[in-house]
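# A structural walkthrough
Residue strings, one per chain:
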Amino acid sequence: MAQLTWRAEIHMMMHLCRSALRASALVLCMASLTASASTEVRVGVHHNPPKLMLDANGWPSGILGDLLQEMARQNEWTLVSVPCYWEQCLESLQAGRIDLVPDVAFTAERAQRFQFHQQPVLRSWSQLYRRTDIPLRSITDLAGRRVAVLANSTQQFELQQMLAELDISAELVPVRGYDEAFDMARRGTVDAVTTNRHYGELHAAAAELEPMPFVFEPSRLFFAAAPQVDPALLAQIDATLAQWTEQPDSYYYSVLQAWSPLAKPAGAPRWLWPLLGVLALSLLVVLVMSFWLRRQIHKGQSELRRLSAEIAEQQRVVRDMQPLAQHDPLTLLPNRLQFEEQLRHCLESLGSQPASGTLLLINLDNMAILNEQLGYACGDLRLQQVAQRLVAGVAHNQFVARVGGDQFAVLIPDLGVAPQDAAARASSLARGVLRNLSQPHDLNGHPWQGTVSIGIVLLADAQNSVDTILRHADFALLQAKAAGGDTFRLFHPEVSAMLSARNALDTELRQAIEHEQFVLHYQPQVDVNRELTGYEAMVRWQHPSRGLLLPVHFIPFAEASEHILALNDWVLRTACAQLAQWGQSAEYSHLTLAVNIGATELLRPDGAQQILQCLADAGANPSRLELEINETDIIDDVDATVARLRELRTAGVRITLDDFGADYSPLNYVTQLPIDRLKIDMSLVRDLLHDANDVAIVSTIISLAHSLDLEVIAEGVESEAQRDILYELGCRHFQGYWFGRPEPWPPT
């Protein structure tokens, strides 16, 4: 979890790097502007709250509208609002009848028709929403359904392409705006709608629409300009955005905050005050008895024994009135023991009757980041505030408990609906909990806006078993976490088949390790002259019935179980044996062999010693072994990981920081790491030819590495054009399909 703490710092560092790269270009653009000139800007405004709309006075409003008005004020523009539907806006922009349209996602096709500035204003994605009376669980269920889409939008083209690739025959119904799409869903003329996440989160509940577990088209949103608009206008937009986004207290962030209304802070739990009264009364009784005892002590030893017995009895009564053994001392909520007892009583009372109750298992996202940044006192305060919000938001027959460190449970014995409607009602309640708990916290003067993940299980699906309910809730919660958090997932009975498949995979993986069904493939690494410098070892599973499996099919499961340690030990032993074999050949003795190693190995107390012992047992040269460490593994426990790396590097082992640049790499602490080189992540290499931001990031990485006397290698090089641009940026070592695919040894 500490990974995300570093990612927050990384984001700021990379942002500063991008800003520096733009600065020189912006100087020339800004120099051409005349501060005193007032420019009339005709703005096409389509109805897409909360991002864009017209206010009562006809001015652009919403997130993008407010930002544009402030830009106009600062740069002395005169805004002229031109109301239009989405398709009309784009047509007018291309024809030059308007100058600017906010909320336009960048595509290569649109870049041929319009002008775009460099820095995106917002990032968004698209979401499918279904009518609550239609069971659409996945994209395949859209076959034969009518789906409303925004006409001539990237959503329409992306969804149309995906449906065609999956051979799903759904009817896409073009609409002029999202409000029209939602109105069609209310009338029942379409079965589902597509919308951006901002509009959907704001309006879906009122339209009785539920999100489908399908998100697509991640996009960057800009102010698109007509072809004839002076580029200086776009330069002003970029300069203003750059200034705003670098200041946490700028107008930009205040607008984002303003369009996310704050909830009133929840009060203390209703049951807290009676409990405090009982405690105070008990304390008063003890004090009175103690005072009376001191007054009576002179009456003799027999009287003292009698009074002592009375005090002991009183203390027993006080203890009985304080069921601390069944309550969490921090939040004063019932603990897991009392929660399971309550759940058992609930199931017994239901008996064989049809149940419409549910259980919400709630996990707080990113608590480790909060504790790391603000301290455990603020973390405890957030737990207390979450408990207060949950208690304040439940009905009298609902039961709230803290069942783990950052985990809460809400038991609702009766949803008040028919069993067939329980899933929809439980999902609606979960959305309310998400909205409630995502409101900002005030933690001793520190603002904090966290999110939660929720797993939902219906009592009717659990065969009246406490263990079954808790296991299903845990699985649903894991699905919500795997989806990125800040969402909920409902456990379905058919998921039991998935659990059985996971158990089968666990058995197969254990047998594969015992019978050594794994093989290593080797991908070449070359220098600027295409001379071979080494290989990277990549594991494959030679499955007895499914054939050769790539790591994506088994490594995630192995990492979630105890199998990863045994598998990594096998990979390391096999790689060291291969190195020892190369050492006996003049042709291969100079080559290095790179092996991926994770936090599970590094964080073992004897992790470094085990790696060195493996080298010694095989008779391999430590200086020929290269360990590739993922940045996320390092930031899980920086001090312990760095200590192991220094021990290995002292023995001659080379260290590479793998996947550098993915998800904003830790530029601010890379100077402290005992590493030899950086490996540029393939996601940056893939987009080099058409993404100027990635070019800037790669250039920054290479410059940083050279300034620290570190070697740089780029992975995922699949074309000569990618290799050439990497060479121009200063990279001299490469790996990818352009030079060779992973193969068994010896390579062909």
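Summary of the structure given here.

### What about the pattern of salt bridges?
For the structure shown, the criterion picks out 25 salt bridges. Of the charged contacts in the structure, one is a salt bridge between E180 and R176, with a shortest N-O distance of 3.6 Å. Owing to a relative accessible area of 28%, E180 belongs among the partly exposed residues under this scheme. Under the relative-accessibility criterion, R176 is labelled partly exposed at 45%. A salt bridge links E626 to R654; the nearest nitrogen and oxygen atoms lie 4.0 Å apart. Of the two residues, E626 sits in strand β22 (residues 625-630) while R654 sits in strand β23 (residues 654-660), which places them 28 residues apart along the sequence.

### Points about the state of the cysteines
Tallied over the entire structure, the rule returns one disulfide. With its sulfur 1.8 Å from that of its partner, C84 forms a disulfide with C89. Its torsion about the S-S bond being 90°, the disulfide of C84 and C89 is classed as right-handed. For C84, a relative accessible area of 12% gives the class buried. In this structure C576 is a free cysteine whose sulfur lies 3.7 Å from that of C614, the closest cysteine sulfur available. Looking at C614, the relative accessible area reads 11%, which means it is buried.

### A word on the environment of A473
Locating A473 in the fold gives a position in helix α16 (residues 466-482). A residue is classified by how much of its surface remains accessible, and A473, at 1% relative accessible area, is buried. In this structure the C-alpha to C-alpha distance between A473 and L490, which are 17 residues apart in sequence, comes to 8.4 Å.

### So, the nonpolar core
Ranked by internal contacts, the top residues of the largest apolar core, which has 71 residues, are F518, V539, L625, L627, L678, I680 and L726. The leading source of residues in this core is helix α19 (residues 563-583), at ten residues. Contacts of F518, omitting those with residues within four sequence positions, involve L509, A512, I513, V539, R540, W541, F554, L567 and W570. Grouped together as the second largest cluster of nonpolar side chains are 56 residues, Y199, L209, I237 and Y252 included.

### Concerning the sheet that holds strand β12 (residues 399-404)
Read across the sheet, five strands follow the order β12-β13-β11-β16-β17 without closing on themselves; strand pairing throughout is mixed. Edge positions in the sheet fall to β12 and β17 (488-490), since each has one partner strand and no second. Direction aside, neighbouring strands of the sheet carry axes that sit 20° apart on average. With five bridges connecting them, β12 and strand β13 (residues 407-412) associate as antiparallel partners. Residue G404 lies in a different strand from β13, and its bridge partner there is Q407. Sheet strands touched by α16: β11 (358-364), β13, β16 (452-458) and β17. Its angle to β16, the strand with the most contacts, is close to 140°.

Procedures and definitions
Residues numbered from 1 in each chain as written. Predicted model: local features only at pLDDT ≥ 70, side-chain atom pairs only at ≥ 80, totals over all residues. Heavy atoms only, no water. Salt bridge = Lys/Arg side-chain N within 4 Å of Asp/Glu carboxyl O. Buried < 20%, exposed > 50% of the residue type's maximum accessible area, 1.4 Å probe, protein only. Helix = DSSP H or I, 4+ residues; strand = E, 2+ residues; numbered from the N terminus. Disulfide = S-S within 2.5 Å. Core = buried A, V, L, I, M, F, W, Y, C linked by side-chain atoms within 4.5 Å. Contact = heavy atoms within 4.5 Å. Pairing = 2+ DSSP bridges. Axes fitted to C-alpha atoms, helices over the stretch in contact; angles between N-to-C directions.

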